[in-house]
Amino acid sequence: MTAAVLSIVTLGVDDLARSSAFYDALGLERCTSSQDEIVWFRTPHSYIGLFGRDELAEDAAIEPGGRTAFDGVTFAINASSEGEADEWFERALAAGAAVLKRPEKTSWGGYSGYFADPDGHAWEIAHNPSWTIGDDGRLVIP
């Protein structure tokens, strides 16, 4: 058996065109295999899929429901500096993100802020001076 590798994160979205435009504007690389029902974006070591919220629930045999309070999941983009974190945050806002928490110094010695994509999925932009980002773009957590 091979090692478990997180290869895809699929986000249930309310409006596929709106969400696709957001991730395009954020600068993610859209895959050519994107279709009318699912859109794929390539990241250095995984993919993000956008799929209709109700269709994704049906595919997973989960009862669909509306979004309520925090659902216990965040995604993160780690930056190599506070300045780069600020650049990512501003890029997200320009793409249409909503501010959840502006980037600021943290109690753990880093720098972090949160935004929500058009469907309310929470994303953190962070810089942790104790972690490095390798030449291949992968985060290295000691």
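(A) Region of the structure containing the sheet that holds strand 2 (residues 29–30). Spatial ordering of the open sheet is given by 1-4-3-2, a layout of 4 strands whose pairing is mixed. Bordering the open sheet on either side are strand 1 (8–13) and strand 2, each of which pairs with just one other strand. Two strands pair when backbone bridges link them, and strand 1 and strand 4 (residues 47–52) are joined in this way by 6 bridges, in the parallel orientation. Paired with V13 across the bridge in strand 4 is G52. Across the sheet, helix 1 (residues 16–26) is in contact with strand 1, strand 2, strand 3 (38–42) and strand 4; its angle to strand 3 comes to roughly 10 degrees.

(B) Representation of the nonpolar core in the model. Membership of the largest hydrophobic core comes to 24 residues, with the highest contact counts inside it found for Y23, L50 and F115. For this core, the secondary-structure elements that each account for two or more residues are strand 1, helix 1, strand 3, strand 4, strand 5 (74–78), helix 3 (82–95), strand 7 (111–116) and strand 8 (122–127). Aside from chain neighbours lying at most four places away, what touches L50 is L11, V13, L16, S19, S20, Y23, E37, I38, V39 and F41.

(C) Quick look at a nonpolar patch on the surface. Taken together, I133, L139 and I141 make up a surface patch of nonpolar side chains, about 230 Å² in accessible area. When you line up the elements, I141 lands in the segment after strand 10 (139–140).

(D) The arrangement of helix 1 in detail. If you check which residues of helix 1 are buried, you get L16, S19, S20, F22, Y23 and L26. End-on, the buried residues of helix 1 take up no more than an arc of 155 degrees, which puts them together on one face. For helix 1, the capping residue at the N-terminal end is D15, with a side-chain oxygen 3.2 Å from the backbone nitrogen of A17. Looking at the residues trailing helix 1, positive phi occurs at G27, about 100 degrees.

(E) The arrangement of the sheet that holds strand 8 in detail. Strand order in the open sheet formed by 4 strands is 5-8-7-6, and the pairing between neighbours is mixed. The two strands at the open ends of the sheet, each matched to only one other strand, are strand 5 and strand 6 (98–105). When the angles between neighbouring strand axes are averaged without regard to direction, this sheet yields 15 degrees. Contacts from helix 3 reach strand 5, strand 6, strand 7 and strand 8, with the element oriented near 170 degrees to strand 6.

Calculation criteria
- Residues numbered from 1 in each chain as written.
- Predicted model: local features only at pLDDT ≥ 70, side-chain atom pairs only at ≥ 80, totals over all residues.
- Heavy atoms only, no water.
- Pairing = 2+ DSSP bridges.
- Helix = DSSP H or I, 4+ residues; strand = E, 2+ residues; numbered from the N terminus.
- Contact = heavy atoms within 4.5 Å.
- Axes fitted to C-alpha atoms, helices over the stretch in contact; angles between N-to-C directions.
- Core = buried A, V, L, I, M, F, W, Y, C linked by side-chain atoms within 4.5 Å.
- Buried < 20%, exposed > 50% of the residue type's maximum accessible area, 1.4 Å probe, protein only.
- Patch = residues over 30% accessible without salt bridge, like charges linked within 9 Å, V, L, I, M, F, W, Y side chains within 5 Å.
- Areas by Shrake-Rupley, 256 points an atom, 1.4 Å probe, with all protein chains shown as cover.
- Salt bridge = Lys/Arg side-chain N within 4 Å of Asp/Glu carboxyl O.
- Arc of directions from axis to C-beta.
- Polar contact = N/O pair within 3.5 Å; in protein donor to acceptor, adjacent residues only side chain to side chain.

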